[in-house]
Amino acid sequence: MTSNEPIPFRPLGILKTILETIGCEVTHCYEDLVFVEHNAFLLRMEAKGEEVSLLFNTESDVDKRDEIEELLNNAGKTHNLVISCSGTYQMTPNETDVTINIEFKA
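Residues numbered from 1 in each chain as written. Predicted model: local features only at pLDDT ≥ 70, side-chain atom pairs only at ≥ 80, totals over all residues. Heavy atoms only, no water.

Engineer: Would you mind going over the packing of helix H1 (residues 12-21) against helix H2 (residues 62-77) with me for this structure?
Structural biologist: Working note: a packed helix pair is described by the angle between its axes plus the distance between those axes. It is the contact of H1 with H2, at a shortest axis distance of 10 Å, that shows an interaxial angle of 130°. Here H1 lies oblique to H2, going by the angle between them. Of the two possible hands of crossing, H1 and H2 adopt the one that is right-handed. Contacts between H1 and H2 involve Ile 18, Leu 19 and Thr 21 from the first element and Leu 72, Ala 75 and Gly 76 from the second. (Axes fitted to C-alpha atoms, helices over the stretch in contact; angles between N-to-C directions. Helix = DSSP H or I, 4+ residues; strand = E, 2+ residues; numbered from the N terminus. Parallel < 35°, antiparallel > 145°, perpendicular 65-115°, else oblique. Left-handed = near helix turned anticlockwise from the far one by under 90°. Contact = heavy atoms within 4.5 Å.)

If you want it as C-alpha cells, here you go:
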C-alpha cells in the first residue's frame, strides 16, 4: 500500500515513521541529515522530497548493509520515497571544540 499524500521538501516525519517500522530511532537531525541510533548509517534528504540518500558509516558492519538497504528501500516505497545508497561517511571529532566533522565518500 502506498500513500497518496504529497511528499514535503524535507520528509522528516515520514523518515521517522519508516525508521521506527524497521526498529531504528532518530537520534539527531541537522539541516538535511537524519542521524540514526548507533550511527551505522544516516539519511540525507535531497533536493526533491521523494529522494533520500542512504550513507553507511565506514565503521559499520559491511555484511549487514544490503539487508538495511533493502529494508529501507521497501519501507520507503510504501511512502513514495526513493531511498538509495549513495556511499559512506566517516565521523571524526573536531579537535578545537565539541563539534564533529563528517566526510562523505562516494
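Structure's up, so let's keep going.
Engineer: Got a minute to help me understand the pairing of strand S3 (residues 41-45) in this structure?
Structural biologist: In terms of burial, S3 is largely enclosed, as 4 of its 5 residues are buried. In the sheet, strand S2 (residues 33-36) pairs with S3 via 3 bridges, with the strands oriented antiparallel. Residue pairing in the sheet places Val 34 in a bridge with Leu 43 of S3. Linking S2 to S3, which pair antiparallel, is a turn of 4 residues; within it His 38 sits at a positive phi near 70°. With 5 bridges joining them, S3 and strand S4 (residues 51-57) adopt antiparallel strand pairing. Looking across to S4, one finds that Phe 41 is bridged to Phe 56. As consecutive antiparallel partners, S3 and S4 are separated by 5 residues. (Buried < 20%, exposed > 50% of the residue type's maximum accessible area, 1.4 Å probe, protein only. Pairing = 2+ DSSP bridges.)

The values reported here are purely geometric and, on their own, carry no functional implication.
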